[in-house]
Amino acid sequence: MAELLFGETGTVGTAGVYLADNRLNLDVFPNSCSHFSALYKTRREEVRQIEFLRLNCNEEQIGTSLAIIPELRRLKSLVLKGGHLKDEYGVCQRGLVATLPWEFSHLQHLTHLDLSFNSFTSLPECVTELKELTMLQLCHNQLAALPESIGKLVKLTSFLLMKNQLRELPGSIGELAALQTADISENELERLPNEIGNLHSCLRLDLSGNKLTTVPASLANLMSLRELHLHSNQLVTVPASLARLPDLSRLDLQNNSLRFVPPEIQNFPFVHLKGNPIGVPDSPERQDRAKPKQIPVRCLASDADSFTVTAEGCNIVLPCGIEIHFPPEAVSLAVITCRVTTPDPQQVKLRHHDFLLSRILELLPHGVQFEKEVLIRMPYIPPQSDCQREVVMRTFSESWSDVDTKVFKSRHVACCSVLHFSWFLVISRLKENKCTVPLEGTRLFSSVDPNVKVTFPPGAVNESRSVKMQVLPVAVDELRELLNDQDSVASPLLCLSQNATDNFLKPVKIQLPLPSGVTGLNMDRSKLHLLLGDPEVQDWMDITNQVVLEFTHLYALFEVNHFSWYWLWYTTKTYIGGIAKKVYERLRRWQVNFLALQRKKDPEQIFLQCVPKHKVESVCKKLEPRYCGPEPSEIVEMFEGEQFFAGFEKGIEIDSDRPDCVDGRIGFTFYSHLKNSKEVYVSTVADRKTKAVKGQVSFYRGSLPDNIPEEAAKKRKGPDSMWLATLPIKLPKQKSRLHAESRMESSYPPLNLGDEETGYLTEANLLSIARRIGVEWKNIGINLGLSYSQLERIEYSNRGDLDKQILEMLFTWAQCNMSVPGCINQLIQAMKECDREDIAEEVHCIIELGRKKYHDSIRRVGLSQESSNEDSAIAME
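Residues numbered from 1 in each chain as written. Predicted model: local features only at pLDDT ≥ 70, side-chain atom pairs only at ≥ 80, totals over all residues. Heavy atoms only, no water.

(A) Structural context of the overall build of the protein. Looking only at helices and strands, one finds 18 helices and 51 strands in the protein. Taking all contacts inside the protein whose residues are at least 6 apart in sequence as the whole, residues at least 24 apart take part in 60%. (Helix = DSSP H or I, 4+ residues; strand = E, 2+ residues; numbered from the N terminus. Contact = heavy atoms within 4.5 Å.)

(B) Highlighting the packing of aromatic side chains. Across all of its chains, the model carries 21 aromatic pairs by this definition. Centroid distance F307 to F326: 6.1 Å. Interplanar angle 65°. Geometry classified as edge-to-face. Of this pair, F307 sits in strand β15 (residues 304-310) while F326 sits in strand β17 (residues 323-326), and the two are 19 residues apart along the sequence. For the pair formed by F307 and F326, the shared burial category is buried. Aromatic side chains F396 and W400 sit 5.5 Å apart centroid to centroid with 65° between the ring planes, which places their arrangement in the edge-to-face category. Here the aromatic cluster, defined as three or more aromatic residues joined through ring pairs, consists of W540, W565, W567, W569 and Y584. In this structure, R389 packs its charged tip against the face of F355, placed 3.9 Å from the ring centre. (Phe/Tyr/Trp six-rings, centres within 6.5 Å; stacked < 30°, edge-to-face > 60°. Buried < 20%, exposed > 50% of the residue type's maximum accessible area, 1.4 Å probe, protein only. Lys NZ or Arg CZ within 6 Å of the ring centre and 35° of its normal.)

(C) Highlighting the confidence of the model for the protein. Within the protein, residue pLDDT values average 82, and 87% of them lie at 70 or more. Scored below 50 in pLDDT, residues 280-292 makes two contacts in the model with residues more than four places away or belonging to other chains. Note that pLDDT drops below 50 for residues 712-720; the model gives that stretch 15 contacts with residues more than four away or on any other chain. (pLDDT = per-residue confidence, 0-100.)

(D) Representation of the packing of helix α12 (residues 763-770) against helix α15 (residues 802-817) within the structure. In contact at an axis separation of 10 Å, α12 and α15 are set at 140° when each is read in the N-to-C sense. Handedness of the crossing formed by α12 with α15: right-handed. Here E763, L766, L767, I769 and A770 of α12 lie close against α15, whose contacting residues are I806, L807, L810, F811 and A814. In terms of residue class, the contact of α12 with α15 is built from nine nonpolar, no polar and one charged. (Axes fitted to C-alpha atoms, helices over the stretch in contact; angles between N-to-C directions. Left-handed = near helix turned anticlockwise from the far one by under 90°. Nonpolar A, V, L, I, M, F, W, Y, C, P; charged D, E, K, R; others polar.)

(E) Structural view of the sheet that holds strand β43 (residues 642-649). Taken together, five strands build an open sheet; the order of strands is β45-β46-β43-β48-β49 and the sheet is antiparallel. With partners counted over all chains shown, the strands left at the sheet margins are β45 (661-662) and β49 (723-731), one partner each. Looking at chain direction, β43 and strand β48 (residues 693-701) are connected through six bridges and run antiparallel. Within β48, the residue paired with A646 across the bridge is F699. (Pairing = 2+ DSSP bridges.)

(F) Spatial organisation of the pattern of salt bridges. By the definition in use, this model includes 28 salt bridges. Among the ionic pairs, R377 bridges to E323, the shortest N-O distance being 3.3 Å. Taken together, the residues R377 in strand β21 (residues 374-379) and E323 in strand β17 connect sequence positions 54 residues apart. Here R429 ties to E390 by a salt bridge, and the two come within 2.9 Å at their closest N and O atoms. Here R429, found in strand β26 (residues 423-430), pairs with E390, found in strand β22 (residues 389-397); they are 39 residues apart in sequence, far enough to count as distant. What makes R429 buried here is its relative accessible area of 10%. Linked by salt bridges that have partners in common, R351, D354, E390, R394, D402, R429 and E432 make up one network. (Salt bridge = Lys/Arg side-chain N within 4 Å of Asp/Glu carboxyl O.)

(G) Layout of the nonpolar core. Judged by nonpolar contacts, the single largest core of 79 residues is most densely connected at F36, L53, I69, F159 and L205. Taken together, the elements giving at least two residues each to this core come down to α1 (32-42), β4 (52-56), α3 (62-68), β5 (77-81) and β37 (555-560). At four residues, the largest contribution of residues to this core is made by α1. Excluding its chain neighbours within four sequence positions, the residues that come into contact with F36 are L24, L26, V47, L53, L55, S65, I68, I69 and L72. Among the nonpolar cores identified, the runner-up in size contains 36 residues, and C435, L444, L496 and L514 belong to it. (Core = buried A, V, L, I, M, F, W, Y, C linked by side-chain atoms within 4.5 Å.)

Laid out in structure tokens, this is it:
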């Protein structure tokens, strides 16, 4: 084959670089992709005969090359690597390839494919169609998962996946029967499928640098295995059967959490165990000398309580699971008050696409500075696994702001360290990438979509400034469903912000991926629209004709001198700004159903809940053993933080004084990841002795969050738009029960459980609670601390009269605990342990109402200890 040269200008010459032995190695030359395109145009038939090709994926022209490569049907080895460029810190930069055309599946002679140092977040399906592959290299990408179709590569002998973001492996990994070398090190694996034990040809398996706590016993089936690398995980145990692998010559278990290792493993001659907490403990004398001074632990009886902190420090544990760690010397002496409250939308100002994951923790006094950082650990409700989002803690100081957060995903706990107290909560937000722009310029990439890039040239700023980036991908199917249009597609939504109001001194270049299915080769530019979004008014303006748009095979590039939101659309529609505005509004809404169920044992107990559509089936299945009622309501749409009310109608009314009840309606606030549920006790004025009462509960809209678009708010006005759904409630014919209640009321003296600050439970409250208890009264008594003999005596003394047994059990406990601190919390816990969340919630509501009335009264006379904090509270609202 003839000799070819690429000159300095990119032209084709006649000496130097060879198409010898059907190999073309261009990745060591500058502008290799341009040279490859030029060579294909001038020597097409010769290029189609090559069997080995290497290209540089750090070049923007790589997109054009990707369209040509499927024509090279004789290819046996293809290397498309990034990492040829380094940033200012010497770190290799990823290549620009994040996907491959489906036509790559035509390369049926390909046996070696290297896609390392690129930007793949998922493996293109076309790769799993390359049935002749024996070596696949995907190192240093951003893969979060592998497709089930990976099992099609039955001839694969080497599979290299180190330095990705894999959280799990598909079960089909066990179908790679020919696999001999598998390197899956430095990922995020938390577990392994049992099918991994089917890799009977495997000689070397590297799983180091992951998050594994255990490994399946099926690894002992790998009879050909010679090396097993499990170091730098979180292993707490390993199967003893690994020691019986006949050819194993290296078992690396270093730097794990192994406290006990089976004797078979310890005696294995080729095991490495350094860095594990294994061994005989020191003598008691040495332990005493080495043991640090223990910080006292105090478990509070209530989620609203006060405690004293001294210079020795302390660890505070709240019943809800929140922990507060005061290190020694953090404060000389202080009285701290904590409260855990239900979120109030007037207080909690969520940003766009934020999800609330916890209740609010308030720590008083606000603003007092500590000498050392205080650690706060807050449990949260885990969001759905989503690589586009992250969990952070947020605090209030004049306004809500995010704090540096450490998240323990396996325990669903978020931690932060602070030097002063305020309000705290946990939220899920879009992943945020940020950097400081120096005078010499820099680049910022998105961790959600590496194809999104912002380049700051030298001289763009005259002093350093901080910039932030968030990216919201929009799935093609979701967009088409929202628009009912199969032709419109959009790029990810790019949100940019900075800590300065000045424009950049030089234009900043932004790179966005073209919408799905659109390339620089097939694009009709008249259909492409670049939209500028205003986050304040949530309006979108088409700026396509106001900027210079450049295109590559996969990307659109443009320059700006200030930051906002940017969205690339490809559509035939004309008024695209208005369409984008509606789509963005719909993306912020949740589709939900309402539930109204009655407890099977007591139909007067009504369970109300607002559930996101995707959770309805699992929630109903969980409630089915204890509740019955109508099917869930029709689907309605709600915003995060939107208020709604439940009102009982047609002869049914609420039978308790609740702080969340206004004008006979129970108030709710919808937060997609919180429970949004309440259990209430209802009654009726109608006569139920002869027939059942058929009523209903209706749900109505309340106020909207502040950051909802004006058009969306207008649609919610008017009497008809307030109604959401109605579900039937049927109270059966009343049985004769608690007929002795009136006789019993006078036989018990007045009592007050609790105190004036936290609220009281009176004998009237206990009588109301007694009406709700049934045959489970003994279990409740045991959980309240009454002895079995006491309960037997109560049962015998009132044999044949369940009502008297329940009343005597409750009042016996109450009279013995009137002066015991935390007795009301004990009652709440006892009800929860007996699966009576409804009664526990009612007691909690009574106490909250009493506490509110008490604080209102002392505030009116100016005795409140919180008066010094009123200014900050008002500012927050």
